[in-house]
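What the coordinates show
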Amino acid sequence: MLFTVATGLLGGLAFFLYGMNLISTGLQKAAARQVQQLLGTVTRNRFYGMLAGLVVTIFLQTSAVTTVLLVGFVSAGLMSLGQALGVILGAAIGSTLTAQLIAFRLSDYSLWAVVAGLIPYLAARRLRWRYLGQAILGFGLIFYGAALMGTAIAPFSTIPGFTAVLQRLAAHPWMMMLAATLFTAIVQGSAAPVVVAMTLAAQGGLALEPALALVLGANLGTTATAFISSIALSREAKRVALAHFFFKLAGVLLFLPFLGLYAGLSRLTSTDVARQVANGHTLFNIINMLVFIPFTPMVGRLMERLLPDAPEEEKVAKYLDTSLLNVPELALAGVTRELLRMAGIIREEMFPRVM
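The structure presented is a predicted model; accordingly, all values stated were derived computationally and were not measured. (Residues numbered from 1 in each chain as written. Predicted model: local features only at pLDDT ≥ 70, side-chain atom pairs only at ≥ 80, totals over all residues. Heavy atoms only, no water.)

Focus: the overall build of the protein chain
Of the regular secondary structure elements, the protein chain holds 18 helices and zero strands. Long-range pairs, those at least 24 residues apart, make up 78% of the contacts in the protein chain between residues at least 6 apart in sequence. A total of about 17500 Å² of accessible surface is found on the protein chain, and carbon and sulfur atoms cover 70% of it. (Helix = DSSP H or I, 4+ residues; strand = E, 2+ residues; numbered from the N terminus. Contact = heavy atoms within 4.5 Å. Areas by Shrake-Rupley, 256 points an atom, 1.4 Å probe, with all protein chains shown as cover.)

Here's what the structure looks like:
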């Protein structure tokens, strides 16, 4: 029995994560230019930037890609850190759409979505239609994977030992939150642990409060992706990743002591427990955005103090970053800024010294 359950759970998780990857890469390739233009044109105002992050992440189905694009914009000097912070807050809200869709229990139609996506993915001649087919295929796989995980978890609710262990963990929300943080950091996405929390709550294995503690941990753990992607990048990129972590950590520390109130607010949104968990996921990010968006300029200055510019990190080519080659518009913008910087060095330093 244990082997069957583990097979279903890990297999469902694999389908789910692969489906998320297909959606993200497919839609990003199908409309990469439009996504970059939207982020580049509406981020002058922090509120417009928040809306841009929301729309782009709903479209791409992952806040990680949005954050990587932001890292590129900030590294290329196309937007300030303060402007990027508003987009991060909006992207966090957009990333909750996956859980909302799964709460509608669309798994009965998941294989039809796989078929509908596979046809253009294999047969279409235009690349854009292939990429859209890939995204539809990904949607089918995440719903199918969520159904497999739900079926695999179901027998656990009938095992007294497992229920007892789960209840002991539920008595310590901090432990539930930390476990979800670690799991999310490993799988590189918050949607999977949120789906597990929704499934356990729907089957009666977990009360709403500890399920929401798992949701808080999932939100904190998703910042690992930005941290990993910024390791080899510029100081500005590291500030974006640190700010992302700051927003999530501050939100978790704000919500966790008031878990009962948080659960009560989630209960007001629906009578279905799975929907309450999904709505709690969305509520956390909406409230977090409302609390912190007025302070994005101050948070930007705080990040600059925590990670100041280091003279020893100055490179011969300051604005040329090989990570931007995946986004030609950002790469060309970096070349332009580098040429202007070199012209400034020649005019202000080299010519006076020659004379």
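What follows continues from the structure just given.
Considering the side chain of Thr223
Along the chain, Thr223 falls in helix H13 (residues 223–230). Accessibility expressed as a relative area gives 2% for Thr223, which makes it buried. Separated by 2.7 Å, the side chain of Thr223 and the backbone oxygen of Leu220 make a polar contact. For Thr223, the residues in contact, after removing those within four places along its chain, are His244, Phe245 and Lys248. (Buried < 20%, exposed > 50% of the residue type's maximum accessible area, 1.4 Å probe, protein only. Polar contact = N/O pair within 3.5 Å; in protein donor to acceptor, adjacent residues only side chain to side chain.)

Quick look at the packing of aromatic side chains
All told, the structure shown has six aromatic pairs when counted by the stated rule. Relative to Tyr262, the ring of Phe255 lies with its centre 4.9 Å away and its plane at 80 degrees, an arrangement referred to as edge-to-face. Tyr262 carries the same exposure label as Phe255, and that label is buried. In textbook terms, an aromatic cluster arises when at least three aromatic residues are bridged by ring pairs, as seen for Phe246, Phe247 and Phe292. (Phe/Tyr/Trp six-rings, centres within 6.5 Å; stacked < 30°, edge-to-face > 60°.)

Describing the nonpolar core
The biggest cluster of nonpolar side chains holds 46 residues, and the ones touching the most others in it are Phe16, Met198, Leu206, Leu216, Tyr262 and Val277. Per element, the largest residue contribution to this core is nine residues, and it comes from helix H12 (residues 208–221). One finds Ala84, Ile93, Ala243 and Met303 within the second-largest nonpolar core, a separate group that totals 17 residues. (Core = buried A, V, L, I, M, F, W, Y, C linked by side-chain atoms within 4.5 Å.)

Thoughts on the pattern of salt bridges
All told, the structure shown has three salt bridges when counted by the stated rule. The partner of Glu209 in a salt bridge is Arg267, with the nearest N and O atoms 3.1 Å apart. Linking Glu209 in helix H12 with Arg267 in helix H15 (residues 259–267), this pair joins segments that are 58 residues apart in sequence. Judged by its relative accessible area of 39%, Arg267 falls in the partly exposed class. A salt bridge links Glu338 to Arg341, with the nearest nitrogen and oxygen atoms 2.8 Å apart. One end of the pair is Glu338 and the other is Arg341, both in helix H18 (residues 328–354) and three residues apart, which spans about a single turn. A relative accessible area of 3% means that Glu338 is categorised as buried. (Salt bridge = Lys/Arg side-chain N within 4 Å of Asp/Glu carboxyl O.)

Observations regarding the environment of Leu122
Along the polypeptide, Leu122 turns up in helix H7 (residues 110–123). Overall, Leu122 belongs to the exposed group, its relative accessible area being 63%. Along the primary structure Leu122 and Gln134 are separated by 12 residues, whereas in three dimensions their C-alpha atoms are 9.1 Å apart.

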